[in-house]
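Report on the structure
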Amino acid sequence: QLAFYDALLCPSVIELYLQYNGTAPYISDDFLKHADKQFPCLSNLHLDFWEMKPTPGVITGQVVAFSLHYVHRLDRLTIRSKLPLYIWSGGTKERLTLPSIRFLTLHVAEGVSGGEFNLFRWVARYANQLRERGDLDRFEDLIVRTAKLRNDRRSVELLTEERIPCEKVLAWSQTYLPIEQ
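To start, this report covers the structure provided alongside it. (Residues numbered from 1 in each chain as written. Predicted model: local features only at pLDDT ≥ 70, side-chain atom pairs only at ≥ 80, totals over all residues. Heavy atoms only, no water.)

Observations concerning the overall build of the protein chain
Check the secondary structure of the protein chain and you find 4 helices and 11 strands. Within the protein chain, the fraction of its 181 residues that count as buried is 48%. Here the contacts in the protein chain between residues at least 6 apart in sequence split such that 73% fall between residues at least 24 apart. Accessible surface for the protein chain amounts to roughly 9700 Å². Of this, 53% is attributable to carbon and sulfur atoms. (Helix = DSSP H or I, 4+ residues; strand = E, 2+ residues; numbered from the N terminus. Buried < 20%, exposed > 50% of the residue type's maximum accessible area, 1.4 Å probe, protein only. Contact = heavy atoms within 4.5 Å. Areas by Shrake-Rupley, 256 points an atom, 1.4 Å probe, with all protein chains shown as cover.)

In structure tokens, the structure reads:
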């Protein structure tokens, strides 16, 4: 199902918008596996999971899980989802291999940011790793938009939009780290 996408070679592409449809759970480590070769100039990545739907009758495990560790040069990352997201680092359990992103935008449905698959917790770990490797000063802006789904689960109303500048990202993210860390 990824054969066409895998065959793409776009050396001049700087912005890529990927929209995923279908049902959750969706777990994949393949869709960006060759990103550095397919899109060597990629600097802006938009991942849109908004149209994914929960599997009918399944109460738990409605998660979208993926990895970004294949993308080594990235300036802007935008993620949209109304389902819980889990981003794994690839490689070792503790080390993220993501580049030093300058602008990160998250647009999530109300309630998606909590729980075991915590997107905000991933942001907190990522910010700490940027600090540890001396790259936090490159990070400029985090925007978090929270939307409330209406009864039809398709339309939304924006509840909050929070812009967190670089100097406040670590303090903001500490509220999302598990206590054991």
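Some thoughts on helix α3 (residues 119-132)
Under the 1.5 Å per step criterion, the end-to-end length of α3 is 20 Å for 14 residues, consistent within 8% with the ideal 20 Å. Burial runs high along α3: 10 of the 14 residues are buried. (Expected span 1.5 Å × (residues − 1).)

Considerations on the nonpolar core
Ranked by size, the top nonpolar core spans 42 residues in total, and within it Leu45, Leu47, Phe66, Leu68, Leu77 and Leu142 carry the most contacts. The dominant element in this core, judged by the number of residues it contributes, is α3, at 7 residues. (Core = buried A, V, L, I, M, F, W, Y, C linked by side-chain atoms within 4.5 Å.)

Remarks on helix α4 (residues 166-174)
Since one α-helical turn is 3.6 residues long, residues separated by three or four positions face the same way. Of all the residues in α4, the buried ones are Cys166, Val169, Leu170, Trp172 and Ser173. On an axial view of α4, the arc spanned by its buried residues comes to 165°, and they lie on one face. Structural note: α4 exposes Glu167, Lys168 and Ala171 on the side pointing more than 90 degrees away from its buried face. (Arc of directions from axis to C-beta.)

Some thoughts on the packing of aromatic side chains
Applying the stated criterion across every chain, the model contains 1 aromatic pair. When the centroid spacing of 4.9 Å and the interplanar angle of 15° are considered together, the rings of Tyr20 and Phe49 count as stacked. Of this pair, Tyr20 sits in the loop between β1 (15-19) and β2 (23-24) while Phe49 sits in the loop between β4 (44-48) and β5 (53-54), placing them 29 residues apart in sequence. The ring of Phe103 has Arg76 lying over it, and the distance from NZ or CZ to the ring centre is 4.0 Å. (Phe/Tyr/Trp six-rings, centres within 6.5 Å; stacked < 30°, edge-to-face > 60°. Lys NZ or Arg CZ within 6 Å of the ring centre and 35° of its normal.)

Some remarks on the pairing of strand β10 (residues 141-149)
Within β10, 7 of the 9 residues are buried, which leaves the element mostly enclosed by the surrounding structure. Relative to β10, strand β9 (residues 103-109) runs parallel, the two being bridged by 7 bridges. Considered in β10, the bridge of Leu106 is made with Val144. (Pairing = 2+ DSSP bridges.)

Thoughts on the packing of α3 against α4
The geometry of α3 relative to α4 is characterised by a closest axis approach of 9 Å and an angle of 135° between their N-to-C directions. When the interaxial angle is binned, α3 and α4 end up oblique. The handedness of the crossing between α3 and α4 comes out as left-handed. Contact residues: Phe120, Val123, Ala124, Ala127, Asn128 and Arg131 in α3; Val169, Leu170, Trp172, Ser173 and Gln174 in α4. (Axes fitted to C-alpha atoms, helices over the stretch in contact; angles between N-to-C directions. Parallel < 35°, antiparallel > 145°, perpendicular 65-115°, else oblique. Left-handed = near helix turned anticlockwise from the far one by under 90°.)

So, the pattern of salt bridges
For the structure on display, the rule yields 8 salt bridges. Here Glu140 ties to Arg102 by a salt bridge, and the two come within 2.8 Å at their closest N and O atoms. Taken together, the residues span a long stretch of sequence, with Glu140 in the loop between α3 and β10 and Arg102 in the loop between β8 (85-88) and β9 at a distance of 38 residues. A relative accessible area of 36% places Glu140 in the partly exposed class. With relative accessibility at 23%, the residue Arg102 sits in the partly exposed group. Among the ionic pairs, Arg133 bridges to Asp135, the shortest N-O distance being 3.0 Å. Look at Arg133 and you get partly exposed, because its relative accessible area is 34%. Salt bridges sharing common partners tie together Asp75, Arg102, Arg138 and Glu140. (Salt bridge = Lys/Arg side-chain N within 4 Å of Asp/Glu carboxyl O.)

Details of the side chain of His46
Following the sequence through the fold, His46 ends up in strand β4. Those residues in contact with His46 that sit more than four places away from it in its chain are Glu15, Leu16, Tyr17, Leu18 and Thr78.

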